[in-house]
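# Commentary on secondary and tertiary structure
Residues per chain, in single letters:
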Amino acid sequence: MAKIDRMPGDEKPVRRVKVAAEAIFEVTDVAAVEQAALEDIAQTSFAGDKAAVAEIVAEEQEAVRGNLTEAVSWLADPGRMISFDVPGIQCDLTTYGVDDLDNPEPAR
């Protein structure tokens, strides 16, 4: 992997390492997962004025209601799952997707 140089004057080269992982969750209580996602959305800080934030929260909560895949997607944020308490390393980028293995139809 090639070294990536930082800003001029910073002598330390930076290296990036990609870690790929897959997790399959067995959902035993759909209602509890939906409720947890709704509560998490309500507690999340969004940018904007009060009216804009209320609209964002309402839209996000509507997307989660009755949609297990959306609820799990909201809760299964890899940025929150990955935690390093090691000097010299930080999570730079996360990407993910959530698929319903028992119902492969696309989410709404």
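Residue numbers restart at each chain and count upward from 1, following the sequence in its written direction. Predicted model: local features are reported for residues with pLDDT of at least 70 only, side-chain atom pairs are reported and counted for 80 or more only, and whole-chain, interface and lining totals are derived from all residues. As a convention, hydrogens and water are excluded, and side-chain values are obtained from all of the structure's heavy atoms.

## Looking at the packing of aromatic side chains
Both the distance between ring centres and the angle between the ring planes are used here to describe each pair of aromatic rings. Here the aromatic set is Phe, Tyr and Trp, taking the six-membered ring for Trp, and pairing holds for ring centres within 6.5 Å; pairs whose planes are under 30 degrees apart are stacked, those over 60 apart are edge-to-face, and all others are tilted. Summed over all chains, the structure comprises one aromatic pair. Ring centres of Phe46 and Trp74 lie 6.4 Å apart, and the angle between their planes is 40 degrees; on these two criteria the pair is classed as tilted. Of this pair, Phe46 sits in the loop between α1 (30-43) and α2 (50-64) while Trp74 is found in helix α3 (residues 68-75), placing the two residues 28 residues apart along the sequence. With a relative accessible area of 22%, Phe46 lands in the partly exposed category. For the purposes of this entry, the term helix denotes a DSSP run of H or I that reaches at least four residues, the term strand denotes a run of E that reaches at least two, and both are numbered from the N terminus. Classification of residues uses two cut-offs on accessible area relative to the type maximum, computed with a 1.4 Å probe and protein chains only: under 20% is buried, over 50% is exposed, and between them is partly exposed.

## Examining the layout of surface pockets
Points on a 1 Å grid, built from protein atoms alone, make a cavity when a 1.4 Å probe fits but cannot get out and make a pocket when they are open with protein on both sides within 12 Å along at least 5 of 7 lines; residues with an atom within 4 Å of a point are the lining residues. Grid points are joined across faces, edges and corners, and a volume is the space filled by probe spheres set on the points. Empty space within the largest pocket amounts to approximately 1,800 Å³. Lining of the largest pocket is provided by 41 residues; of these, Val19, Pro78, Ile82, Thr94 and Thr95 occupy positions nearest its centre. Mapped onto the lining of the largest pocket, the elements with two or more residues apiece are α3 and α4 (78-81). In terms of residues, the lining of the largest pocket owes the most to one element, α3, which gives three residues.

## Quick look at the nonpolar core
To form a nonpolar core, buried Ala, Val, Leu, Ile, Met, Phe, Trp, Tyr and Cys residues must be joined to one another through side-chain atoms within 4.5 Å. Val33, Ala37, Leu38, Ile41, Val53, Val57, Val64, Ala71, Val72 and Ala76 form the largest nonpolar core, which has ten residues in total. Of all the secondary structure elements, the ones that give two or more residues to this core are α1, α2 and α3. Here this core takes four residues from α1, the largest share from any one element. Any pair of residues with heavy atoms lying within 4.5 Å of one another is described as a contacting pair. Aside from chain neighbours lying at most four places away, what touches Val53 is Phe46, Ala47 and Gly48.

## Here's the deal with the environment of Ala71
Mapped onto the elements, Ala71 comes out in helix α3. For the pair Ala71 and Asp40, spaced 31 residues apart in sequence, the C-alpha separation works out to 10.0 Å. With sequence-adjacent residues up to four places away left out, Ala71 is seen in contact with Val33, Glu34, Ala37 and Val64.

## Brief notes about the packing of α1 against α2
A pair of packed helices is captured by two measures, namely the crossing angle of their axes and the spacing between those axes. Relative to each other, α1 and α2 sit at 170 degrees, their axes nearing to 10 Å. With respect to α2, the axis of α1 lies roughly antiparallel. Across the interface between the two elements, Glu34, Ala37, Leu38, Ile41 and Ala42 of α1 pack against Val57, Glu60, Gln61 and Val64 of α2. We call Asp, Glu, Lys and Arg charged. Ala, Val, Leu, Ile, Met, Phe, Trp, Tyr, Cys and Pro are nonpolar, and the rest, Gly among them, are polar. Here the residues of the contact of α1 with α2 sort into six nonpolar, one polar and two charged. Axis definition: a line fitted to C-alpha atoms, over the contacting stretch in the case of helices. Angles run 0 to 180 degrees between N-to-C directions. Here the word oblique covers every angle except those under 35 degrees (roughly parallel), over 145 (roughly antiparallel) and from 65 to 115 (roughly perpendicular).

The quantities given are spatial measurements derived from coordinates; they are silent on function.
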